[in-house]
Amino acid sequence: LELKPFQLLSDLMERGIFASMNQTIEEDIAAKVAEAHGFELEIRHRGGSADSGDSKKKKEQEDESALLEPRPPVVCILGHVDHGKTTLLDTIRKAKVVDDEFGGITQHIGAYQVEASGEPLSFLDTPGHAAFSRMRERGASTTDIAVLVVAADDGFKPQTDEALKFAKKAGVSLIVAINKIDAKGANIDRVKTQMQERGIAPEDWGGEVITVPVSALKGEGIDQLLEMIRLQSEIMELKAVPKGKSSGVIIESQIEQGRGPTATILVKKGKLKVGDALVCGTASCKVKAMHDDLGKAVKEAGPSTPVKVIGWSDAPESGSTYETVKNEREAKRVAEETLESRKKKEEEDRLAAKSAGSNLDDLFSAIESTRKTNFNVILKADVHGSLEALTGMLQELPSDQVELKVVGKGVGMITKKDVELAGASDATIVGFNVRMENGVQGHAKHLDVRILQDNIIYQLIDIIRESMAELLEPEL
Ligand code: GDP
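For clarity, every value in this text was computed on a predicted model and none was experimentally measured. (Residues numbered from 1 in each chain as written. Predicted model: local features only at pLDDT ≥ 70, side-chain atom pairs only at ≥ 80, totals over all residues. Heavy atoms only, no water.)

(A) Quick peek at the side chain of N376. With respect to the element layout, N376 can be found in strand β18 (residues 373-381). Looking at N376, the relative accessible area reads 15%, which means it is buried. A distance of 3.0 Å separates a polar side-chain atom of N376 from the backbone oxygen of S425. Not counting the four nearest positions on each side in its chain, N376 is found in contact with K405, V407, S425, D426, A427 and T428. (Helix = DSSP H or I, 4+ residues; strand = E, 2+ residues; numbered from the N terminus. Buried < 20%, exposed > 50% of the residue type's maximum accessible area, 1.4 Å probe, protein only. Polar contact = N/O pair within 3.5 Å; in protein donor to acceptor, adjacent residues only side chain to side chain. Contact = heavy atoms within 4.5 Å.)

This is the structure in structure tokens:
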């Protein structure tokens, strides 16, 4: 691809894949990366009996393709803040879900399914907060169709362009929903002109992008939008094997009182069943129970179906993939092995970093880093997704003189243990949308540990930025 390794790694990172230099990536990801850089990936399997492994694999693939069946599309909604993403997600859900079935209590599990002309469509219902760009990128990489919301009274904005970029990069189909057509100052033609300027001309202007004017607030155009999504997915001929061991993606995970760690899973292939043994990174699971987005208990889930799964040993990382294994023991073993190898790798990386300096770039950055003041932090957040978003945003905070180092992070409330760790590593605790365990404040005072907290991510980042700046002020 004529890319420097770090460019490729950051490209993958934007797709939610945190790969190392010599890691194997999946074929479809490789194809998408290649395409994003103007290449087409062709995979040639060696024929003949010389390599029985390859021919076996080919046979398996052939067997598998015979079992493929149509699957629902996975749709995500992207766009600028306040352009109506949340309202649109709510309106679609309300319009299409028979919600009196469960007393109208809909559960936000990170994704939901609705029907259009009798066909199911799955929507990712990720937090619409503007700051969670990382999650939106990830949303785009598990998605087949992205609906780009543009407010008719405001037009394209920086985040609209950013979202468009993600969607293009992830190689997903694009549908534009021009929202707020009921609002004063709404100008549909202006949005269409802006689309044309960006090389995504609408269909009715001779381009290729399906464009639907809607009012999420008034419920106008929603049926048409859903119908367009359904048609688009039909054209895409989305398929998956609906039987056998399942695998898929973690949409979000959290630790719930009384339930322990739970995770919303989107099945990509196979059939997920109660009683299955799963493994995802360092977390394992014996599926105790599953619930759909209406809180209804379900026994199994097929491709593109979101379900909340109970029975995890630990909250798995959102965006990562899970696999089904033989039994619970096997799941635990694989999870432990992963933990061990991660630890080993961290240690190797640490040693490698120590002996760095073999080339000029490393040398310069080593010199540079010795000049920096360290700002160690321990991050705590409510859910995995926000923890990752926060980590990402902090790593992007520019500073020539202060180096921010994440020395620990986790999901859940701030505990005394965190305070002790912070005391030992001279770190500041940063909490996003979390509470403190009883007695934490006193303990922190005693150990001279600072705790920075906020429920609004932008404000939290500002507070951290200020604290970093304080480090540079000369002591009087
Ligand atoms: P998000 O930040 O993209 O999730 O946007 P929200 O869904 O929170 O909407 C932002 C504001 O726009 C809210 O005050 C909504 O009531 C309003 N809004 C959303 N859709 C429409 C619409 O179709 N018409 C009008 N007039 N207002 C809307």
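(B) Layout of the packing of helix α11 (residues 384-395) against helix α14 (residues 457-472). Taken N-terminus to C-terminus, the directions of α11 and α14 make an angle of 40 degrees; their axes are 11 Å apart at the nearest point. Considering the angle they form, α11 stands oblique to α14. As α11 packs across α14, the resulting crossing turns out to be right-handed. Contact residues: L390, M393 and L394 in α11; I457, Y458, L460, I461 and I464 in α14. Here the contact of α11 with α14 is composed, by residue class, of eight nonpolar, no polar and no charged. (Axes fitted to C-alpha atoms, helices over the stretch in contact; angles between N-to-C directions. Parallel < 35°, antiparallel > 145°, perpendicular 65-115°, else oblique. Left-handed = near helix turned anticlockwise from the far one by under 90°. Nonpolar A, V, L, I, M, F, W, Y, C, P; charged D, E, K, R; others polar.)

(C) Geometry of the site of the ligand. Lining the immediate environment of the ligand, one finds 15 residues, of which D82, K85, T86, T87 and D182 sit closest. N179 is positioned with one of its side-chain polar atoms (N or O) 3.1 Å from an oxygen atom of the ligand. Contact with the protein chains hides 74% of the accessible area of the ligand, taken as 580 Å² for the molecule alone. The element best represented in the shell around the ligand is helix α4 (residues 85-96), accounting for three residues. Taken together, the residues of the shell around the ligand sort by class into four nonpolar, seven polar and four charged. (Near = heavy atom within 4 Å. Areas by Shrake-Rupley, 256 points an atom, 1.4 Å probe, with all protein chains shown as cover.)

(D) Quick look at the pairing of strand β16 (residues 306-312). Counting buried residues in β16 gives seven out of seven residues, a clear majority hidden from the surface. Note that strand β10 (residues 260-269) and β16 share five bridges and pair antiparallel. In the strand pairing of β16, L266 is matched with P306. (Pairing = 2+ DSSP bridges.)

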